[in-house]
Amino acid sequence: MYSPEIVLEAVLNGLLTGGVYALVALGLTLVYGVLHIINFAHGALLTCAMFMVWSAWAWLGIDPYAAVLIVGPLMFGLGYGMQRLVIGPASRHDDGNILLVTLGLAIVLENLLLAGFKSDTRTVASDYALEVVSIGPLLLSQPRLVGFVVTLVMTALLWLMLERTDIGKAIRAVAREKTGARLVGIDVDHVYAVTFGIGCVCLAVAASLLMPTFYVNPRIGGAFVLVAFTIVVLGGMGSVVGALVGGLLIGAVESLSSLCLGDSLGQLGIFLIFIVVLLLRPTGLFGARA
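Fair warning: this is a prediction, and the values are worked out from it, not measured in the lab. (Residues numbered from 1 in each chain as written. Predicted model: local features only at pLDDT ≥ 70, side-chain atom pairs only at ≥ 80, totals over all residues. Heavy atoms only, no water.)

A look at the packing of aromatic side chains
The final tally for this structure, using the stated rule, is 10 aromatic pairs. A ring pair is formed by Trp-54 and Trp-59, whose centres lie 6.2 Å apart and whose planes are at 70°; its orientation type is edge-to-face. The exposure class of Trp-54 is buried, given its relative accessible area of 11%. When the ring of Phe-214 is compared with that of Phe-224, the centres are 5.1 Å apart and the planes differ by 65°; the resulting orientation is edge-to-face. Separated by 10 residues along the polypeptide, Phe-214 in the loop between helix H8 (188-210) and strand S4 (215-216) and Phe-224 in helix H9 (residues 221-235) bring together distant segments of the chain. Taken together, the ring pairs in this structure connect Tyr-21, Phe-214, Tyr-215 and Phe-224 into an aromatic cluster. In this structure, Arg-122 is placed above the aromatic ring of Trp-54, and the distance from its NZ or CZ to the ring centre is 5.0 Å. (Phe/Tyr/Trp six-rings, centres within 6.5 Å; stacked < 30°, edge-to-face > 60°. Buried < 20%, exposed > 50% of the residue type's maximum accessible area, 1.4 Å probe, protein only. Helix = DSSP H or I, 4+ residues; strand = E, 2+ residues; numbered from the N terminus. Lys NZ or Arg CZ within 6 Å of the ring centre and 35° of its normal.)

Let's talk about the nonpolar core
Counting 73 residues, the largest nonpolar core has Leu-45, Leu-46, Met-50, Leu-158, Val-174 and Phe-196 as its most contacted members. When residues in this core are grouped by element, the largest group, 15 residues, is from H8. Setting aside its immediate chain neighbours within four residues, Leu-46 contacts Val-24, Leu-203, Ala-206, Ala-207 and Phe-224. (Core = buried A, V, L, I, M, F, W, Y, C linked by side-chain atoms within 4.5 Å. Contact = heavy atoms within 4.5 Å.)

See the structure below:
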């Protein structure tokens with residue numbers, strides 16, 4: 001038996017971790033909601049962003065949190081170019097080609113990182129990595145708390161962008177009816193590329209939040225994207241709110257599972273919850289039926 005303070009602390013730290021998970025899933029669900037494709041290169045793109053953050057720290061001495069000001073625009077450009085030059089042309093043919101193209105891009109990116117950085121594991125030595133915030137008897141990780149707050153801010157900014165800006169209205173129009181959007185003069189290809197770029201910016205922010213307390217190697221993105229896919233399906237494919245709620249839920253469940261079963265079995269609870277939700281509500285928590 002665990003004391004209530006230990007259980008509550010585990011839940012709160014899990015929610016904080018789930019915030020970063022949600023940020024990774026946010027880019028994935030945005031791309032699916034607009035482009036209607038499953039991006040298998042998502043994990044490799046996250047790895048690229050993490051290596052960019054590490055490089056900014058190791059070579060330029062830039063703090064990981066500040067590195068997002070550089071990595072964000074670079075990732076947007078990378079995502080925009082990939083969609084406009086590779087994924088977009090492939091989508092004009094068989095839909096199955098898109099899955100193969102994104103899977104191929106993932107393999108190419110991972111091997112380029114392997115060639116450039118080898119298979120070594122790299123970390124960022126930050127002064128605040130082990131800092132904690134005391135709330136009564138509870139101890140919360142400071143980097144996770146920062147990540148949680150940033151995730152809430154990013155989600156709010158994304159919602160405001162989609163609701164209040166011209167490009168946001170264009171994105172929603174294309175997501176709802178591509179042909180109609182094209183008929184009223186919206187550049188659909190540009191909107192697709194911008195959406196993919198915004199998804200990559202979410203990964204850049206997530207990478208900046210992860211690097212102070214995590215490590216990076218050319219294969220690390222696969223571990224996060226597996227959780228991200230679970231969150232997207234759990235919350236509802238294409239739902240921004242679902243990605244946030246699903247990420248928080250997954251984080252709390254993982255933390256409690258680790259507390260009860262040990263770190264090696266911590267993700268067992270994630271997939272049990274995933275199976276239960278699919279059995280009871282196949283569209284996810286916030287997904288709409290077709």
